[in-house]
Amino acid sequence: MPSSSPSTTAATTTVSPALDTSGSATTSPHAYDAGLLLLRLVLGLTMAAHGSQKLFGWFGGGGIDGTGQFFTMSGYPAGDAMAVVAGLTETLGGLALAVGLLTPLAAAAIVGTMVNAIAVTWGGGFFAPKGSEYELLLTAGAASLALTGPGRYAVDRFLPVLRAHRLAYGAAAVAVGLVTAGVILLLRK
């Protein structure tokens, strides 16, 4: 008598919705990739713009001097040096995130910077303009991209090690961002 194991019975074959070729309505994997691209572009370019405010004074920013004074008033040592570090982290991390280059590390840079921003705005409540909702949203978006990967419309697709994103890469990157943020917060008065 022939075996009717699940692997050979057509009635029990399961097909992932994204890979279904039977003609039924499905979600294209390209839809996910387009969504990740949109998130990367908006989040990455927003962070790059914030970094350029700190570094160059663009978009109404304080430049290194003004941002350095803010860091000093917020309890960080060596305000100008912290302004350069934050500006470079936001600018380079944001641009890398936007193009999908070393996405887990770019996202980790943003997570670390934004955790510090949340610490600075924490006492102002949750909602803007003095609260931390904006910083929390940027942090969650960056952490989400680290965990999910950049999608197929990214430079990482051309890098052998990162071509196939692994959850472990994203989780490790988020952990690095959080540990780095914690170290910087320990320096704060």
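This section reports on the structure supplied with the text. (Residues numbered from 1 in each chain as written. Predicted model: local features only at pLDDT ≥ 70, side-chain atom pairs only at ≥ 80, totals over all residues. Heavy atoms only, no water.)

## Considerations on the packing of aromatic side chains
The criterion, for reference: Only the six-membered ring of Trp is used, alongside the rings of Phe and Tyr, when aromatic pairs are assigned; centres must lie within 6.5 Å, and planes under 30 degrees apart are stacked while those over 60 apart are edge-to-face, with the rest tilted. Residue exposure (1.4 Å probe, protein chains only): buried if accessible area is under 20% of the type maximum, exposed if over 50%, otherwise partly exposed.
For the coordinates displayed, the defined rule picks out 5 aromatic pairs. Between F71 and Y76, the ring centres sit 5.3 Å apart and the planes meet at 75°, which makes this aromatic pair edge-to-face. Assessed through its relative accessible area of 12%, F71 is described here as buried. Take Y76: its relative accessible area is 4%, and that puts it in the buried class. Following the ring pairs from residue to residue traces out a cluster consisting of F56, W58 and F59.

## Digging into the nonpolar core
Spelled out, the test is: Residues grouped as a nonpolar core are buried Ala, Val, Leu, Ile, Met, Phe, Trp, Tyr and Cys residues, joined through side-chain atoms within 4.5 Å. Secondary structure is summarised from DSSP: a helix means a run of H or I of at least four residues, a strand means a run of E of at least two, and numbering begins at the N terminus for each. Any two residues whose heavy atoms approach within 4.5 Å are treated as being in contact.
In terms of nonpolar packing, the biggest core is built from 18 residues, with L43, M47, L97, I110 and A142 touching the most fellow members. Among the secondary structure elements, those contributing two or more residues to this core are helix 1 (29-56), helix 3 (79-99), helix 4 (103-121), helix 5 (133-148) and helix 7 (167-187). Top element by residues in this core is helix 4. It accounts for 6 residues. Here L97 is in contact with R40, L43, G44, T103, A106, A107, I110 and L145, once residues within four sequence places are set aside. The next biggest cluster of nonpolar side chains, apart from the first, holds 5 residues, and it includes F71, Y76, M82 and A86.

## A word on the environment of A142
Looking at the element boundaries, A142 is found in helix 5. Taking the C-alpha atoms as reference points, A142 and G44, 98 residues apart in sequence, are found 8.7 Å from one another. Setting aside anything within four residues of it in sequence, one finds A142 in contact with L43, A107, I110 and V111.

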